[in-house]
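Analysis of the macromolecular model
Below are the chains, spelled out letter by letter.
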Amino acid sequence: MGFLLDVIGPLFTLIGCGFILGRRRKIDPEPLADVAMYICLPFLLFSTLVRHPVTGLDAAQVFAWQAGMYLASIPAIWIVARVAGWDKPTRSAVTLSLPTVNVASYGVPVVLFALGDEALAIIMLLFVYGNVFASSLGVYIAAGGRQNPLQAFKSIFKLPLIYTTALAIGVNLLAIPIPESLLDTADLIGKAGPILAIILLGIQVSRIQLRGNDSTALYGGIGAKILLGPAIGIGLTLAIDAEGSVRNVLLICSCLPTAINALILTVRFDARPDLLGGILIGSTLWSPLGLSAVLYWIGAN
């Protein structure tokens, strides 16, 4: 109960504020998303990686987890789709919903409130990996195999987080001293990002249209996300033998709802955005249950 009040309560209050704002006012979320993506989150990523460097093993385990989520989701949903008789766009939408997790506007605040600053570096690194996979393999899935994966891979280099990560790693490897005042400033700017992102989530959810959804595919997709997704994520966390902050962050991320960028991909390639929007809303509303159980498990250990 304490976790629900301390972590989930503030998050859903901000989501609710964004939802009401999106319903009552004509707000363009694009400029706000750009501020979060191109200013706040790169500052947060840089300050956390410099202050809390990630070891090579930790980085490899986080990468393995994200890659495993995609590699396990594709055959799992293919089997479900064959049994249920889903068409290719429906299969693409449900497949994308499984490995993409809402790190920026949900996971980062949860980790910040529940685990503290030391775990931020891990989830920010996962955010980078998640964007890399969404911009390459995610594009391939959304396009239903119509786009060359190597062509999709080129879009990765448009992500500012790639260059921020390289800069932070370079600073750590070369032992370049960074004044604490500069890191404090970066931290102050960066921590505005998660708050802005969670409000943006509410605004974006308020714009999702659910008309025309096939209820069987919708409920099947939500069920896959809230049951199969955590099972795969937790299984991978145990399989890679993650420990400490890496283990705790990956356990939390196993229960996060579908990411907004998955919805953007389905809109771009006309892969049932109505269905993925419904899965996004459903998994967001159900997420407190899974997160509460996982955080109780983390606390007990």
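Here, every reference points to the structure presented above.
**Quick notes on the packing of aromatic side chains**
Using the criterion set out here, one finds three aromatic pairs in the structure. Residues Phe 63 and Tyr 129 carry aromatic rings whose centres are separated by 5.2 Å and whose planes lie at 85° to one another, so their mutual orientation is edge-to-face. With Phe 63 in helix α3 (residues 56-84) and Tyr 129 in helix α6 (residues 120-142), the pair connects residues that are 66 residues apart, well separated along the chain. Owing to a relative accessible area of 39%, Phe 63 belongs among the partly exposed residues under this scheme. A residue is classified by how much of its surface remains accessible, and Tyr 129, at 15% relative accessible area, is buried. The interplanar angle of 20° and the centroid separation of 5.4 Å between the aromatic rings of Tyr 70 and Phe 133 together place this pair among those described as stacked. Here Tyr 70 is found in helix α3, whereas its partner Phe 133 is found in helix α6, with 63 residues between them in sequence. Taken as a pair, Tyr 70 and Phe 133 share a single burial class, namely buried.

**Describing the environment of Leu 218**
Note that Leu 218 resides in helix α11 (residues 215-239). Taking the relative accessible area as the measure of exposure, Leu 218 reaches 14% and is therefore buried. Residues Leu 218 and Gly 138 lie 80 residues apart in sequence; the distance between their C-alpha atoms is 20 Å.

**Observations regarding the nonpolar core**
Across soluble globular proteins, you tend to see nonpolar side chains buried next to one another. Counting residues in each nonpolar core, the largest one holds 84 residues, and the members touching the most others are Ile 123, Ile 252 and Leu 291. With 15 residues, α6 is the single largest residue contributor to this core. What Ile 252 contacts, discounting residues up to four positions off in sequence, is Val 110, Val 111, Leu 115, Leu 291, Val 294, Leu 295 and Ile 298.

**What about the side chain of Asp 58?**
You can see Asp 58 is positioned in helix α3. Here Asp 58 is buried and forms no salt bridge, its nearest opposite-charge partner Arg 247 lying at an N-O distance of 12 Å.

**Section: the packing of helix α5 (residues 103-114) against helix α14 (residues 273-300)**
Viewed as axis vectors pointing N to C, α5 and α14 meet at an angle of 30°, and their least axial separation amounts to 13 Å. Between α5 and α14, the angle is such that the two are roughly parallel. As α5 packs across α14, the resulting crossing turns out to be right-handed. Facing Tyr 106, Val 110 and Ala 114 of α5, the residues of α14 in contact are Thr 284, Ser 287, Pro 288, Leu 291 and Leu 295. Split by residue class, the contact of α5 with α14 holds six nonpolar, two polar and no charged.

**Concerning the pattern of salt bridges**
Between side chains of opposite charge, pairing is possible as soon as their charged atoms come close. Enumeration over the complete set of coordinates arrives at four salt bridges. A salt bridge links Asp 117 to Lys 191; the nearest nitrogen and oxygen atoms lie 3.0 Å apart. With Asp 117 in the loop between α5 and α6 and Lys 191 in the loop between α9 (180-190) and α10 (192-207), the pair connects residues that are 74 residues apart, well separated along the chain. The exposure class assigned to Asp 117 is partly exposed, which follows from its relative accessible area of 35%. Of the residues examined, Lys 191 reaches a relative accessible area of 24% and is grouped as partly exposed. Linking Asp 187 and Lys 191 is a salt bridge whose minimum nitrogen-to-oxygen distance equals 3.3 Å.

**Examining the side chain of Asn 102**
Counting through the fold element by element, Asn 102 comes out in the loop between α4 (88-97) and α5. Apart from the residues within four sequence positions on either side, Asn 102 is in contact with Gly 107, Leu 201, Leu 256, Pro 257, Thr 258, Ala 259 and Ile 260.

**A word on the packing of helix α13 (residues 260-268) against α14**
Between α13 and α14, whose axes approach to 8 Å, the crossing angle comes to 170°. Of the possible angle classes, the one that applies to α13 and α14 is roughly antiparallel. Between α13 and α14, the contacting residues are Ile 260, Ala 262, Leu 263, Thr 266 and Val 267 on the first element and Pro 273, Leu 276, Gly 277 and Leu 280 on the second. Partitioning the contact of α13 with α14 into residue classes produces seven nonpolar, two polar and no charged.

Basis of the calculations
- Residues numbered from 1 in each chain as written.
- Predicted model: local features only at pLDDT ≥ 70, side-chain atom pairs only at ≥ 80, totals over all residues.
- Heavy atoms only, no water.
- Phe/Tyr/Trp six-rings, centres within 6.5 Å; stacked < 30°, edge-to-face > 60°.
- Helix = DSSP H or I, 4+ residues; strand = E, 2+ residues; numbered from the N terminus.
- Buried < 20%, exposed > 50% of the residue type's maximum accessible area, 1.4 Å probe, protein only.
- Core = buried A, V, L, I, M, F, W, Y, C linked by side-chain atoms within 4.5 Å.
- Contact = heavy atoms within 4.5 Å.
- Lys, Arg positive; Asp, Glu negative; His and termini not counted.
- Salt bridge = Lys/Arg side-chain N within 4 Å of Asp/Glu carboxyl O.
- Axes fitted to C-alpha atoms, helices over the stretch in contact; angles between N-to-C directions.
- Parallel < 35°, antiparallel > 145°, perpendicular 65-115°, else oblique.
- Left-handed = near helix turned anticlockwise from the far one by under 90°.
- Nonpolar A, V, L, I, M, F, W, Y, C, P; charged D, E, K, R; others polar.

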